[in-house]
Amino acid sequence: QSQELSQVQIDYHAALQTLLEDGTRMVCTGRMHTDRICRFESLCYSTEAEEFIYFHSNSSVMLPNLGSRRFQPALLDLSSVEDHNTQYFNFVELPAAALKFMPKPVFVPDVALIANRFNPDNLMHVFHDDLLPIYYTMQQFTDLDPEARLFFMEGWSEGVHFDLYKLLSNKQPLLREQLKTLGRLLCFTKSYVGLSKITTWYQYGFVQPQGPKANILVSGNEIRQFTKFMMQKLNVSLEESSSEEYIVVFSRTINRLILNEAELILALAQEFQMKTITVSLEEHSFSDIVRLISNASMLVSMHGAQLVMSLFLPRGATVVELFPYAINPEHYTPYKTLATLPGMDLQYIAWQNTAREDTVTYPDRPWDQGGIAHLDKAEQERIIKSTEVPRHLCCRNPEWLFRAYQDTKVDIPSLIHVIRQTVKSKPGPKKQKWSGSLYPGKVRDAKCQASVQGTSEAKLSVSWQIPWNLKYLKVREVKYEVWIQEQGENTYMPYILSHQNHTFSENIKPFTIYLVWIRCIFNKNLLGPFADVLLCST
Ligand code: UDP
């Protein structure tokens, strides 16, 4: 059964003795609560107090030892969402001697990854906040192997996508509620607490309007390593030479509907001369959706969490995101950001309904489905008249919800027109060309030689060797960038050169010291590092 811990036998008496003598040991990575992940030995949890416990003894370790800064605001973020005040982790401290007066501890023998899921009912959140971060946190720490066990502490029940979480490890993940059935005091023999944020690309607008993260650190390569893993676990094989090309329309069936879906499907099929199929989360199994999307040429869908499935599209495919009336596509870009990550190699197209007569609103629904009947009359009037939702913070802006939950009759000619601006011939997976981009190393053995002509003219001859890695690479175009800076000046003269030496005579003065900076550039935009600066005296 799910609540059973491991078959691994542990010597209970020895484990208790170790806890009493050694207490809790914690060593963390990260400088701030927002980038911290901690490794613990003997971290305990009281299922009655619903608090983690750190036991002090002569051998306990707490790094970082923050004192009361541990509460300002917390030791770390338990979910991958940055600095969210409902997702903080901390523990209470006790002397190990207090164990004598506490319930008998139950030891958790599995290596544990302890974290919060952020919103397990929403597929975008499931992938972006939980599955990818958990997968790459497990890649970061080798003892988080497939036998590790996930502990979800956010307090939600399994949720509709729990099967996806189960794919990440061979052990059943445990939820906070289930811990109660294990005992009153649990002690995790070895655990990691917190999630890596390195793969997340979007911020949901808690402190500033939503948008791409400021410093995105993930590329299509890592996304695709993850989807490959998921597809193996789901038993979906990548069909390399699938014969037929097709378009997938991912439809929503409950709200934010496409009202003329049948017409849309016919039009797409006719325009691109391709079979066009519909899928929905309600009518298809997850593996079937993944199987269909992973071979599709184009994915067309209303804005919404189901579009995170573009994760599974093959390179070269096209994502078409449809936005209801008054919703500016530039203000809601989780799926655009995903599709345009470097190396995702997807084409992204947004279409917006700009015709008021093609939208169907639901002012009388409950507020969380976009209803506005609870607002005062003037505010209702203003919202209904407005032609664009102004930028706003997450998550309960009634004008946003009102517009987000409209149904749309898609204007087919205008949609085909915007798709055709990007997709000229047939859409679809290009030849799997390897688009990995490798950067040049430093240029080597840079030298300079000066010659002075009279009192006002001088020349500077600079030469260097190719970067060491170039001889192992096939590079379409190799160029060099040289900056010449007079010592003490803030400005420099930049040059782009094709050869490994050059004589500079423009603006070169005699009896002057120049700093020469040289770097290699592959294929126009792959800029290498500058070599150590070269000092040249004329
Ligand atoms: N959902 C769905 N069909 C629908 C409406 C919603 O499958 O008709 C799914 C949606 O993909 C998401 C979850 O239900 O995983 C919550 O949807 P919601 O509209 O709240 O969020 P959004 O899609 O706007 O992120």
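Residues numbered from 1 in each chain as written. Predicted model: local features only at pLDDT ≥ 70, side-chain atom pairs only at ≥ 80, totals over all residues. Heavy atoms only, no water.

Quick look at the packing of helix α2 (residues 123-140) against helix α5 (residues 220-233) now. Two elements in contact, α2 and α5, have axes whose closest approach is 11 Å; the angle formed by their N-to-C orientations is 85°. In this view, α2 runs roughly perpendicular relative to α5, as classed from their interaxial angle. Residues Phe127, Leu131, Leu132, Tyr135 and Tyr136 of α2 form the contact with α5, whose own contacting residues are Glu222, Ile223, Gln225, Phe226, Phe229 and Met230. When grouped by side-chain class, the residues that make up the contact of α2 with α5 number 9 nonpolar, 1 polar and 1 charged. (Axes fitted to C-alpha atoms, helices over the stretch in contact; angles between N-to-C directions. Helix = DSSP H or I, 4+ residues; strand = E, 2+ residues; numbered from the N terminus. Parallel < 35°, antiparallel > 145°, perpendicular 65-115°, else oblique. Contact = heavy atoms within 4.5 Å. Nonpolar A, V, L, I, M, F, W, Y, C, P; charged D, E, K, R; others polar.)

Bringing the pairing of strand β2 (residues 37-46) into the picture now. Summarising burial for β2: 8 of the 10 residues are buried, a large majority. Direction of pairing for strand β1 (residues 25-29) relative to β2: antiparallel, over a ladder of 5 bridges. Each bridged residue has a counterpart across the sheet, and for Thr29 the counterpart in β2 is Ile37. With 8 bridges joining them, β2 and strand β11 (residues 185-193) adopt antiparallel strand pairing. Bridge pairing in β11 places Arg39 opposite Tyr192. By the bridge criterion, 3 bridges tie β2 to strand β3 (residues 51-56) in an arrangement that is antiparallel. Opposite Ser46, over in β3, you have Glu51 as the bridge partner. The turn linking β2 back onto β3 is made up of 4 residues, and Glu50 within it adopts a positive phi angle of 50°. (Buried < 20%, exposed > 50% of the residue type's maximum accessible area, 1.4 Å probe, protein only. Pairing = 2+ DSSP bridges.)

A few words on the environment of Gln485. Mapped onto the elements, Gln485 comes out in strand β23 (residues 478-486). A C-alpha to C-alpha distance of 6.4 Å links Gln485 and Val516, two positions 31 residues apart in sequence. Ignoring sequence-local partners within four residues, the contact set of Gln485 consists of Asn490, Thr491, Tyr492, Ile513, Tyr514, Leu515 and Trp517.

Now for the environment of Met26. You can see Met26 is positioned in strand β1. Taking the C-alpha atoms as reference, Met26 lies 10.0 Å from Lys190; in sequence the two are 164 residues apart. Ignoring any residue separated from it by four or fewer positions in sequence, one finds Met26 in contact with Cys38, Arg39, Phe40, Tyr54, Val61, Met62, Leu63, Pro64, Leu75 and Phe91.

Right, let's get into the sheet that holds strand β21 (residues 444-453). If you walk across this open sheet you meet the 3 strands as β21-β22-β25, and the pairing is antiparallel. Only two strands of the sheet have a single neighbouring strand rather than two, namely β21 and β25 (501-504). The mean inter-strand angle of the sheet, taken between neighbouring strand axes irrespective of direction, is 15°. Of the pairings in the sheet, the one linking β21 to strand β22 (residues 457-465) comprises 8 bridges and is antiparallel in character.

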